[in-house]
Amino acid sequence: MTSLWSRIYTRKLQSLCKRAEPTCLRHICSIHEDERSDIKERGPFASKLKTRGVVSIQGDDTFRFLQGLVTNDMRRFEQEPPPPQVATPTLNQPVAFVEPLYTALLNPQGRFLFDAFIYRLPAKDHRLNQFGSAPNSNGTPLLLCDIDADTADEFLEHLKKHRLRSKVGIEDMSKELCVWQRYGGSLMQESQNCGNAEVKSSGWGAASDPAAQASVEGDNEGYLWFKDPRNRALGYRGIFPSERIPPLVEADKEVDEIYYLLMRLELGVAEGCNEIQKEKAIPLEYNLEWLNAISFEKGCYVGQELIARTHNRGVVRKRIMPFKFVNDSGGGAEILDIRNGKKVGDVTTVVGSRGLGMIRLEAAHMDMSQLAVKDVTGFHVKLFKPTWWPANWSPDGYNG
């Protein structure tokens, strides 16, 4: 694989994959080539996401402040939590909690700046105290934002620029807290009504034990595993203290983050500024509306005009798509229709023979023998339509 990289991968693509350890990358590629790398049949795995950082936002104006900046609707965090979701609360599991949301922040022109997972820690009056006997008193709202570590300083600067006189405290917590993802195996196969498959057998004699099941999903500081808010096939995500391993992470199942990247490539899900071009990307072209990152019912926010106009017109002619290099031959910068040499897309991310590309939807319906990478011979590009895509995304870009 080393000669393959040096021979045909462009410098741009190498920088996109700079976080991958070469040995691990070669191992995954070799698995992928003989069709035995299907993560759905392996795992579940757990990865500490070193490419993500954590920022805390706290204060009386927290929700109003973020509501004007993010593409998703923060009002769900302001509402009273739903009825108790846990029949038997424990020190490790609050009686009620709010699921996290995925969102994006845009510039005034509606172009992508940052993506973020926002968590609201369970209120203290919804948790047992350290003696397990009574709840503590409530405090000011505390949100944690899971963001791209490479742009953490820019993210903080962006928030502080818009803070003005809002009563909001913003702090980088990346040293104290870290992001984890559990994925693969049964976690990718769960149905809408199915719970966490790893948790169901927790308890005495592997029998159904609600208290034990609740306990193993979190810790006594209120940090929990949550279903990934983008798509259930992505598994579970959570923020946990840096100095210890989260619950449900077994030593033989902890793997390098490159496996998580490979899973996202197979599912067609881009994440972070290395994969979603900052100040250039249009969020709808990266399928963020179908990854639950955009609300079309909330009020105004920075960059809303382009999003609303594109959505109302119902036409998006390009979308990020997963692909595979056929004949084991690497990557490139542009994808062409070899019949006429016309450019139909750009490669954005590559791991081995898998990748993501910004592709014109009309090309997604071509025969794979008609698509190739510019200036590279000997193989073709095979596009995949993710199973979670809606059926009405047609070749002409109409999304009505």
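What you are looking at is a predicted structure, and each value in this text was computed from that prediction instead of being measured.

## What about the sheet that holds strand E4 (residues 112–120)?
Right, on to step 1. Spatially, the 5 strands line up as an open sheet ordered E3-E4-E5-E2-E6, and their pairing is antiparallel. With partners counted over all chains shown, the strands left at the sheet margins are strand E3 (101–106) and strand E6 (169–172), one partner each. Averaged over all pairs of adjacent strands, the angle between their axes in this sheet comes to 30 degrees, without regard to strand direction.
Right, on to step 2. Here 4 bridges tie strand E2 (residues 52–58) to E6, and the two strands are oriented antiparallel to one another.

## Comments concerning unusual backbone geometry
Right, on to step 1. Positive phi outside glycine occurs at Leu-164, with the angle close to 50 degrees.
Right, on to step 2. Looking at where Leu-164 falls in the secondary structure, it is placed in the loop between helix H6 (152–163) and E6.
Right, on to step 3. On the basis of relative accessible area, Leu-164 is assigned to the exposed category, the value being 73%.
Right, on to step 4. Backbone geometry places Asn-292, a non-glycine residue, at a positive phi of 60 degrees.
Right, on to step 5. Considering the arrangement of structural elements, one finds Asn-292 in the loop between helix H8 (257–267) and helix H9 (304–313).

## Overview of the sheet that holds strand E11 (residues 334–337)
Right, on to step 1. Read across the open sheet, the 6 strands follow the order E14-E11-E12-E13-E10-E15; overall the sheet is antiparallel. The sheet is open, and its two borders are formed by strand E14 (371–373) and strand E15 (380–383), each paired with just one other strand. Taking each pair of neighbouring strands and ignoring which way they run, the sheet shows an average axis angle of 40 degrees.
Right, on to step 2. Here 3 bridges tie E11 to E14, and the two strands are oriented antiparallel to one another. Bridging across to E14, Ile-335 finds its partner in Val-373.
Right, on to step 3. Running at roughly 155 degrees to strand E12 (residues 342–351), H8 makes contact with strand E10 (318–326), E12 and strand E13 (354–360) of the sheet.

## Description of H6
Right, on to step 1. Given a rise of 1.5 Å per residue, 12 residues ought to cover 16 Å, and the 16 Å separating the end C-alpha atoms of H6 matches this to within 8%.
Right, on to step 2. Listed in full, the buried residues belonging to H6 are Ala-152, Phe-155, Leu-156, His-158 and Leu-159. Looking down the long axis of H6, one finds its buried residues gathered within 160 degrees of arc, a one-sided arrangement. Residues Asp-153, Glu-157 and Lys-161 are exposed on H6 and point more than 90 degrees away from its buried face.
Right, on to step 3. Among the structural elements, E2, helix H4 (62–67), E3, E4, strand E5 (142–148) and E6 are those in contact with the buried residues of H6.
Right, on to step 4. Leu-164 occupies a position one or two residues after H6 and carries a positive phi of about 50 degrees.

## Notes on the side chain of Gln-67
Right, on to step 1. Inspection of the secondary structure puts Gln-67 in helix H4.
Right, on to step 2. Of note is the side chain of Gln-67, whose polar atom sits 3.1 Å from the side chain of Asp-73.
Right, on to step 3. Not counting residues within four places of it along the chain, the set of residues in contact with Gln-67 comprises Asn-72, Asp-73, Met-74, Arg-75, Lys-298, Cys-300 and Tyr-301.

## Re H9
Right, on to step 1. Where H9 is concerned, the buried positions are Leu-306, Ile-307 and Thr-310. End-on, the buried residues of H9 take up no more than an arc of 100 degrees, which puts them together on one face. More than 90 degrees from the buried face of H9, the exposed residues found are Glu-305 and Asn-312.
Right, on to step 2. Tucked inside the fold, the buried residues of H9 contact E3.

## Description of the nonpolar core
Right, on to step 1. Judged by nonpolar contacts, the single largest core of 104 residues is most densely connected at Met-74 and Leu-159.
Right, on to step 2. Top contributing element to this core by residue count: H8, with 8 residues.
Right, on to step 3. Once residues within four sequence positions are removed from consideration, Leu-159 is found in contact with Ile-57, Phe-65, Leu-66, Leu-69, Leu-105 and Ile-170.

## A short note on the environment of Leu-356
Right, on to step 1. On the secondary structure map, Leu-356 appears in strand E13.
Right, on to step 2. Along the backbone, Leu-356 and Arg-264 are 92 residues apart, and their C-alpha atoms lie at a distance of 9.2 Å.

## Some words on a negative patch on the surface
Right, on to step 1. A cluster of like negative charges, contributed by Asp-153, Glu-157, Glu-171, Asp-172 and Glu-176, occupies part of the molecular surface.
Right, on to step 2. Structurally, Glu-176 is set in the loop between E6 and strand E7 (177–183).
Right, on to step 3. Residue Glu-176 is classed as partly exposed on the basis of its relative accessible area, which comes to 40%.

## Quick word on the pairing of E11
Across a regular strand the side chains alternate sides, sitting on one face of the sheet and then on the other.
Right, on to step 1. Pairing of E11 with E12, which is carried by 4 bridges, proceeds in the antiparallel orientation. Residue Asp-337 lies in a different strand from E12, and its bridge partner there is Lys-342.
Right, on to step 2. Between E11 and E12, which pair antiparallel one after the other, the connecting turn spans 4 residues, and Gly-341 there sits at a positive phi close to 75 degrees.

## Quick look at the packing of aromatic side chains
Right, on to step 1. Under the defined criterion, the tally for this structure stands at 8 aromatic pairs.
Right, on to step 2. Both rings, one in Tyr-102 and one in Phe-117, keep their centres 4.7 Å apart while their planes meet at 35 degrees; by these two values the pair is tilted. Of this pair, Tyr-102 sits in strand E3 while Phe-117 sits in strand E4; the two residues are 15 residues apart in sequence, bridging distant segments of the chain. You'll find Tyr-102 and Phe-117 in the same group, each marked buried.
Right, on to step 3. When the ring of Phe-323 is compared with that of Phe-325, the centres are 5.0 Å apart and the planes differ by 75 degrees; the resulting orientation is edge-to-face.
Right, on to step 4. According to the relative accessible area criterion, Phe-323 is buried, its value standing at 0%.
Right, on to step 5. Members of the aromatic cluster, each reached through a chain of ring pairs, are Phe-45, Tyr-183, Tyr-259 and Tyr-260.
Right, on to step 6. Directly above the ring of Trp-225 sits Arg-182, whose terminal nitrogen or CZ lies 4.8 Å from the centroid.
Right, on to step 7. Of note, Arg-182 hangs over the ring of Tyr-236, and the distance from its end group to the ring centre comes to 5.1 Å.

Parameters and conventions
- Residues numbered from 1 in each chain as written.
- Predicted model: local features only at pLDDT ≥ 70, side-chain atom pairs only at ≥ 80, totals over all residues.
- Heavy atoms only, no water.
- Pairing = 2+ DSSP bridges.
- Helix = DSSP H or I, 4+ residues; strand = E, 2+ residues; numbered from the N terminus.
- Axes fitted to C-alpha atoms, helices over the stretch in contact; angles between N-to-C directions.
- Buried < 20%, exposed > 50% of the residue type's maximum accessible area, 1.4 Å probe, protein only.
- Contact = heavy atoms within 4.5 Å.
- Expected span 1.5 Å × (residues − 1).
- Arc of directions from axis to C-beta.
- Polar contact = N/O pair within 3.5 Å; in protein donor to acceptor, adjacent residues only side chain to side chain.
- Core = buried A, V, L, I, M, F, W, Y, C linked by side-chain atoms within 4.5 Å.
- Patch = residues over 30% accessible without salt bridge, like charges linked within 9 Å, V, L, I, M, F, W, Y side chains within 5 Å.
- Areas by Shrake-Rupley, 256 points an atom, 1.4 Å probe, with all protein chains shown as cover.
- Salt bridge = Lys/Arg side-chain N within 4 Å of Asp/Glu carboxyl O.
- Lys, Arg positive; Asp, Glu negative; His and termini not counted.
- Charge placed at Lys NZ, Arg CZ, Asp CG, Glu CD.
- Phe/Tyr/Trp six-rings, centres within 6.5 Å; stacked < 30°, edge-to-face > 60°.
- Lys NZ or Arg CZ within 6 Å of the ring centre and 35° of its normal.

Without other data, these values stay purely geometric and don't point to any function.
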